[in-house]
2 protein chains.
Amino acid sequence: METLKIVKIGGNIINNPTALESFIQQFSSIKTPKILVHGGGTLATEMAQQLDVKVEMIEGRRKTNTDTLDIITMVYAGKINKNIIAKLQENHCNALGFTGADGNTIVAIKRPVTHIDYGFAGDVVQVNTEVLQTLLHHHITPVFCALTHDKNGQLLNTNADTIASELAIAFAKLYQTELYYCFEKSGVLQDVNDEHSVIENINAKNYQALIENNIITDGMLPKLNNCFHAINKQVRKVCIGKPEMLFNSNVKHTTIQAVKN
Amino acid sequence: METLKIVKIGGNIINNPTALESFIQQFSSIKTPKILVHGGGTLATEMAQQLDVKVEMIEGRRKTNTDTLDIITMVYAGKINKNIIAKLQENHCNALGFTGADGNTIVAIKRPVTHIDYGFAGDVVQVNTEVLQTLLHHHITPVFCALTHDKNGQLLNTNADTIASELAIAFAKLYQTELYYCFEKSGVLQDVNDEHSVIENINAKNYQALIENNIITDGMLPKLNNCFHAINKQVRKVCIGKPEMLFNSNVKHTTIQAVKN
């Protein structure tokens, strides 16, 4: 099977034009089929402030009310996604922007209201690979932002890490999928203040110990849960680190490992 | 050859949720391959006001400075395009949103600065049909907003009427293309205050007379120039009128006719 690289970039790259430009140049040079997934960075928050939209926070997460969803749709699917597409084209990477509504690629359900109402937040229920596969065969690179839809006309805000892992899982039958979470650190760090303390391998066994010893804390937990979910669903390789790990095999990063039965 | 319908909808539909919903339902029922092109309506102007971005007007047209381009990208490619896509999916029309940068489908050049500087306004120089044709073969409906790119990383604001006509021309070798400009009037009117005075046929011959007699004036001229450009480049049918003309053959509208040699 051919290799498919699914690369998620976060706010630290999106917020920094120089870092983004440099990333896009290097990403464009990847020869294997590839999919890019991007978050939104701080731009949506800035836009909400400018438009005087009150941000409702629930347990550290933004509640996606109608106004917030509009802003996210404008910023993620509009400004960020289309500028990335234009820059990829400049670098001879034929890219095409996606939300999950486009081509009906990612269907989600609105997160049920329990004691918490997350608003228009979506949990992925289905990934349709057919359109994407056709495009990949034509050497086109899909670029996803963090939006899905419910098939009933409603766009939904969906975590970009989850979109990346769900895409990787859905393609695992068709490609040897590799999932790369790029962020500002060199990986999961033993000491959060020491970039040299990268934990190079995490498996289900040492994961529990890392949580118990408070090495892996709140911010990192959902990301690692996405990683384990992917590696347990036949994704071949899952890595966390700086984007440089993609282009230079000497750059240290964290690899998530499946425990072999 | 198979028929391809290219439908452009303007501000009157975009600005009116009920009209848009009704249009999308009917558009979704079109069985032949189809492409939708949409303008931006008044939403971009409203957003500019809210964000306190000064709109520079040049001969009745907005100058596209950096801030304006950002707003257009957010509103056209983000909010409007993605909500249309979600609604089309709801109506079982598998749609995929495009700017000209996506799939490198429409390349433009920044309009040269003469005595007027239009800013980031793009004139179309190339339409690449390959990706679109692949999608049409897979029963996917491309939905274009009014943005192109210059292949050098720059997005450009491009008239939606022009995008529609250039797409129709580019596809004329592959399909029997039909181009429909939907707007708030029943077509070109003999008397602008009388909806029953539709001029049903316009050809190059009576066109000049209509201009000389001030029947066709400023606002309509660029639209009709796009129509004649298309009909002279092997587009099979070009119509102007209310969207109902698409779904009901009894609805009066204006048809642009080529003069036969």
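All values derive from a computational prediction rather than experimental measurement. (Residues numbered from 1 in each chain as written. Chains lettered and ligands numbered in written order. Predicted model: local features only at pLDDT ≥ 70, side-chain atom pairs only at ≥ 80, totals over all residues. Heavy atoms only, no water.)

K.L.:
So what's going on with the packing of helix H4 (residues 66-90) of chain A against helix H4 (residues 66-90) of chain B? Which residues, and what values?
P.N.:
In a packed pair of helices, the relevant descriptors are the angle between the two axes and the axis-to-axis distance. Viewed as axis vectors pointing N to C, H4(A) and H4(B) meet at an angle of 115 degrees, and their least axial separation amounts to 7 Å. Remark: the crossing between H4(A) and H4(B) carries right-handed chirality. Where H4(A) abuts H4(B), its residues A:Asp70, A:Thr73, A:Met74, A:Val75, A:Ala77, A:Gly78, A:Lys79 and A:Lys82 lie against B:Asp70, B:Thr73, B:Met74, B:Val75, B:Ala77, B:Gly78, B:Lys79 and B:Lys82. Split by residue class, the contact of H4(A) with H4(B) holds six nonpolar, four polar and six charged. (Axes fitted to C-alpha atoms, helices over the stretch in contact; angles between N-to-C directions. Helix = DSSP H or I, 4+ residues; strand = E, 2+ residues; numbered from the N terminus. Left-handed = near helix turned anticlockwise from the far one by under 90°. Contact = heavy atoms within 4.5 Å. Nonpolar A, V, L, I, M, F, W, Y, C, P; charged D, E, K, R; others polar.)

K.L.:
How would you summarise the interface of chain A and chain B if you had to cite specific residues and measurements?
P.N.:
Listed by partner, the interface residues are 40 residues for chain A and 40 residues for chain B. Of the roughly 3200 Å² buried where chain A meets chain B, counting both sides, 63% is carbon and sulfur surface. Joining chain A to chain B, the criterion identifies four salt bridges. Measuring nitrogen to oxygen at the nearest pair gives 2.9 Å for the salt bridge that ties B:Asp70 to A:Lys79. Our count for the chain A to chain B interface comes out at 14 residue pairs in polar contact (both at pLDDT 80 or more). (Buried area = accessible area lost by both parts, 1.4 Å probe. Salt bridge = Lys/Arg side-chain N within 4 Å of Asp/Glu carboxyl O. Polar contact = N/O pair within 3.5 Å; in protein donor to acceptor, adjacent residues only side chain to side chain.)

K.L.:
Which residues make up empty space enclosed by the protein, and what values go with them?
P.N.:
Residue and element names in this part refer to chain B. Tallied over the full model, the rule gives one cavity of 30 Å³ or more. Quantified by volume, the largest cavity comes out at close to 30 Å³. If you trace the largest cavity, you find it lined by Ala44, Ala48, Val55, Arg62, Thr68, Ile71 and Ile72. Per-element accounting of the lining of the largest cavity gives the leading share, three residues, to H4. For the lining of the largest cavity, the residue count by class is five nonpolar, one polar and one charged. (1 Å grid on protein atoms, 1.4 Å probe; cavity = no way out; pocket = protein on both sides within 12 Å on 5 of 7 lines; lining within 4 Å. Points joined across faces, edges and corners; volume = space filled by probe spheres on them.)

K.L.:
Outline the pattern of salt bridges, supporting the account with residue identities and numerical values.
P.N.:
Residues and elements named next belong to chain A. Counted by the stated rule, this structure contains 20 salt bridges over all chains. Between Lys223 and Asp161 there is a salt bridge; the shortest N-O distance is 3.1 Å. Taken together, the residues Lys223 in helix H8 (residues 221-231) and Asp161 in helix H6 (residues 160-171) connect sequence positions 62 residues apart. Residues Lys223 and Asp161 agree in their burial class; the two are buried. (Buried < 20%, exposed > 50% of the residue type's maximum accessible area, 1.4 Å probe, protein only.)

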